[in-house]
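Here is what each chain is made of, one letter per residue.
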Amino acid sequence: VNGVHKYSGYTPDGTSNAYNFDFYTLWNAMQDETRLKALKSFAMTMEGDSGQTGTFKWLTDYKTGTTNTVSFTLDTTDFAEAPGIGVVRGAIGRSCNVAKFGFSAAINGDQLTLHSLRIFATPGRTNIR
């Protein structure tokens, strides 16, 4: 609801521990909506089990149909403690004035927690429309 998170597929009667977890931030101008940004990479500090997979997503400039994705897997070193805490990193791209970031993961009885999300971008020219 309201773009913060969404659980789907979960049955509270105990017949299934599987559900989809979708998380999105609010639209982010990264300090200045008039400047074009070149998106470079993301880093998410997460708590989960090794082998857990998901998809990092980002949308640009308030437009539908601009969803970009990068798949990720929690590695066996950082997340070996079951659950462990580690950092998931990936390269992203596109230029934009504002962006919305998030991830989705299928949960099946495993814990998955997002502790922090950092986006790295290079500021560009002023882009006034």
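Residues numbered from 1 in each chain as written. Predicted model: local features only at pLDDT ≥ 70, side-chain atom pairs only at ≥ 80, totals over all residues. Heavy atoms only, no water.

So, unusual backbone geometry
Glycine aside, residues mostly have negative phi, and peptide bonds are mostly found in the trans state.
Moving on, step 1. Despite not being glycine, Q31 shows a phi value in the positive range, around 85°.
Moving on, step 2. Its location among the elements puts Q31 in the loop between β2 (18-24) and β3 (35-48).
Moving on, step 3. Backbone geometry places D61, a non-glycine residue, at a positive phi of 50°.
Moving on, step 4. Tracing the backbone shows D61 in the loop between β4 (53-60) and β5 (68-73).
Moving on, step 5. Under the relative-accessibility criterion, D61 is labelled buried at 13%. (Helix = DSSP H or I, 4+ residues; strand = E, 2+ residues; numbered from the N terminus. Buried < 20%, exposed > 50% of the residue type's maximum accessible area, 1.4 Å probe, protein only.)

Quick word on the confidence of the model for the protein
Moving on, step 1. Here the protein shows a mean pLDDT of 84. Residues at 70 or above account for 84%.
Moving on, step 2. The secondary structure element of the protein with the lowest average pLDDT is strand β1 (residues 5-8), at 56, and the one with the highest is β4, at 95. (pLDDT = per-residue confidence, 0-100.)

Details of the pattern of salt bridges
Moving on, step 1. Within this structure, the stated rule accounts for 1 salt bridge.
Moving on, step 2. As a salt-bridge pair, D22 and K57 come within 3.9 Å of each other at their nearest N and O atoms. Of this pair, D22 sits in strand β2 while K57 sits in strand β4, and the two are 35 residues apart along the sequence.
Moving on, step 3. Take K57: its relative accessible area is 18%, and that puts it in the buried class. (Salt bridge = Lys/Arg side-chain N within 4 Å of Asp/Glu carboxyl O.)

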